[in-house]
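Chain by chain, the residues run as shown.
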Amino acid sequence: MATVTLTDNRNGKKYEFEILSPSVGPDVIDIRSLYQTTGMFTYDPGFTSTASCSSNITYIDGEKGELRYRGYDISDLATKKTYLDTCHLLLTGKLPSKSELAAFDLEIRKRSFVHEGLKNLFYAFPDSAHPMAMMSSSVSALSAFHYEHLDIDQEEEFQVMARRIVAKIPTLAALSYRRSLGIPFIYPDIERSFTENFLYMMRAYPSAKTIIRDVEVKALDTIFTLHAEHEQNASTSTVRAVASTGAHPYAAISAGINALWGRAHGGANESVIAQLEMIGSVDNVDEFIKKAKDPDDDFRLMGFGHRVYKNFDPRARILKNLLDELKEDLGVDSELLEVAKKIEEVALTDEYFIKRKLYPNIDFYSGLILTALKIPKSLFTIIFVIGRSVGWITQWIELKHDKEMKIARPRQKYTGPVSKKI
Ligand code: ACO
């Protein structure tokens, strides 16, 4: 058994901890008995050195810039498979055969409708509500309509609930969007594929023909695939923390949506495009790079940097290639694309960014594609939600099967007053 020894230099006491090896990636030190044996906690704000669980879903090598779902390289999945193939892979551990995909696809189409009562919830929101606020509330409200899955002990029921989430989230997303504009709600069209149906629910008007081009479906489907899973990021860890208490799965997913909203996480895609528009021209890039490097300026280059990737985010590379391939067909804003490319070029050769290993992340290029798809900025994080919903629920299922799972309950280094008297 491999171990590490911890020596307390205050008293010379030695403690031994087992080293556990994953199938690939860094070894982990099993410190579960640390407090019992030493009376001490570890201190790790932001969990930068902490593996919070075992998982066989997603592997990231941040130094090499690699991402794999269930062992498959993200680039293969994004270029050779559809989002629904990827959902099947994540949920069942296996890429579907042709007939399995057809059955899965049909089930998702059929489950895409939401209860009319849930639809009515949207009328209660003010016109000014952000789509993410409506999204998290309506996903939470799903638990009021599908409460029968509160005590799940059957794999079959896990899968039904997971498919329901994957199927209904685009419908709720489209309802959030349409409510924010005050335009009539549109029902899903089960004749259309998953991604085409979402674009349809966004764009359609009663009794008008809705045009959705294949190139648009391909671009958005790729974006969904790239967002589908990303191991223990902030929103997934939130889903797991809520799930660990035994709360309802929709409550856990709703919490994940709220965690995703922040600018340091999924909300970054909205900020990237706003920032590109603010920079406006390649001539202004140097000035903004200077601001980003200034320690006295809060300004950050949005879409740059990542907690795990200390190399190019592989998803950003795939999106950059997709942009180059489809920019004319999609009608991508060429000026903004030039600004983005110039920022990337300058940043990748600048000492500040090189030293801190700051590379473009997935959000850097996704906004350009979403804008070309005529998806408004306020909906960018919703697109992320749609893609990631399968990852969250896959992690939720994994947690439920995990015999070593405990309620998420970290400790602290208390710094307040020791004892006071009234
Ligand atoms: N622009 C300028 N400087 C940056 C940036 C940036 N985008 N990101 C990090 N830095 C600098 C920090 O100022 C810090 O510098 P210092 O060492 O001189 O103090 C150093 O790089 C390390 O940064 P941290 O914030 O400590 O790194 P952390 O791993 O905690 O944060 C994060 C990662 C939140 C993604 C950060 O890089 C960031 O804010 N990026 C911009 C927002 C963004 O694009 N978020 C999307 C992430 S991808 C996703 O969630 C899907």
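Chemist: Would you explain the layout of surface pockets in this entry?
Modeler: Using a probe with the size of a water molecule, rolled over the atoms, empty space left in the structure can be pinpointed. Considering only enclosed or pocket space, the second largest pocket measures out at about 370 Å³ in volume. In terms of lining, the second largest pocket is formed by 20 residues, of which the most central are Ala-78, Lys-81, Thr-82, Asp-221 and Thr-222. Only α2 (74–80), α4 (98–110), α8 (194–203), α9 (214–227) and α14 (314–330) provide two or more residues apiece to the lining of the second largest pocket. Counting residues per element, the lining of the second largest pocket draws most heavily on α9, which supplies 5 residues. In terms of residue class, the lining of the second largest pocket is built from 7 nonpolar, 7 polar and 6 charged.

Chemist: Help me out: how do you make sense of helix α17 (residues 362–372) in this one?
Modeler: For an α-helix the count is 3.6 residues per turn, leaving residues at separations of three or four pointing the same way. Counted residue by residue, α17 has 10 buried out of 11 residues, so it is predominantly covered. Those residues of α17 that sit buried are Ile-362, Asp-363, Phe-364, Tyr-365, Ser-366, Gly-367, Leu-368, Ile-369, Leu-370 and Ala-372. Packed against the buried residues of α17 are α9, α12 (268–279), α14, α15 (334–348) and α18 (380–401). Near the N-terminus of α17, the side chain that reaches the backbone nitrogen of Asp-363, with its oxygen 3.0 Å away, is that of Asn-361. One or two positions beyond α17, positive phi appears at Lys-374, with a value near 65°.

Chemist: What exactly am I supposed to notice about the site of the ligand here?
Modeler: By nearness alone, 20 residues border the ligand, and Arg-300, Leu-301, Gly-303, Phe-304 and Tyr-352 come closest of all. In this structure, Tyr-352 approaches the ligand through a side-chain N or O atom, which is 2.8 Å from a nitrogen atom. Contact between the ligand and Arg-356: an oxygen atom at 2.9 Å from a side-chain N or O atom of the residue. Relative to its unbound accessible area of 930 Å², the ligand is 71% covered by the protein chains. Among the residues forming the shell around the ligand, the class breakdown is 10 nonpolar, 5 polar and 5 charged.

Chemist: When you look at the packing of aromatic side chains in this model, what are you seeing that I'm missing?
Modeler: In this description, an aromatic ring pair is defined by two values, namely the gap between the centres and the angle between the planes. Under the definition given, this model contains 15 aromatic pairs. For the ring pair Phe-194 and Phe-224, a centre distance of 6.0 Å and an interplane angle of 80° mean the geometry is edge-to-face. Of this pair, Phe-194 sits in helix α8 while Phe-224 sits in helix α9; the two residues are 30 residues apart in sequence, bridging distant segments of the chain. The burial state of Phe-194 is the same as that of Phe-224; both residues are buried. Aromatic side chains Phe-198 and Phe-224 sit 6.2 Å apart centroid to centroid with 65° between the ring planes, which places their arrangement in the edge-to-face category.

About the cut-offs
Residues numbered from 1 in each chain as written. Predicted model: local features only at pLDDT ≥ 70, side-chain atom pairs only at ≥ 80, totals over all residues. Heavy atoms only, no water. 1 Å grid on protein atoms, 1.4 Å probe; cavity = no way out; pocket = protein on both sides within 12 Å on 5 of 7 lines; lining within 4 Å. Points joined across faces, edges and corners; volume = space filled by probe spheres on them. Helix = DSSP H or I, 4+ residues; strand = E, 2+ residues; numbered from the N terminus. Nonpolar A, V, L, I, M, F, W, Y, C, P; charged D, E, K, R; others polar. Buried < 20%, exposed > 50% of the residue type's maximum accessible area, 1.4 Å probe, protein only. Contact = heavy atoms within 4.5 Å. Polar contact = N/O pair within 3.5 Å; in protein donor to acceptor, adjacent residues only side chain to side chain. Near = heavy atom within 4 Å. Areas by Shrake-Rupley, 256 points an atom, 1.4 Å probe, with all protein chains shown as cover. Phe/Tyr/Trp six-rings, centres within 6.5 Å; stacked < 30°, edge-to-face > 60°.

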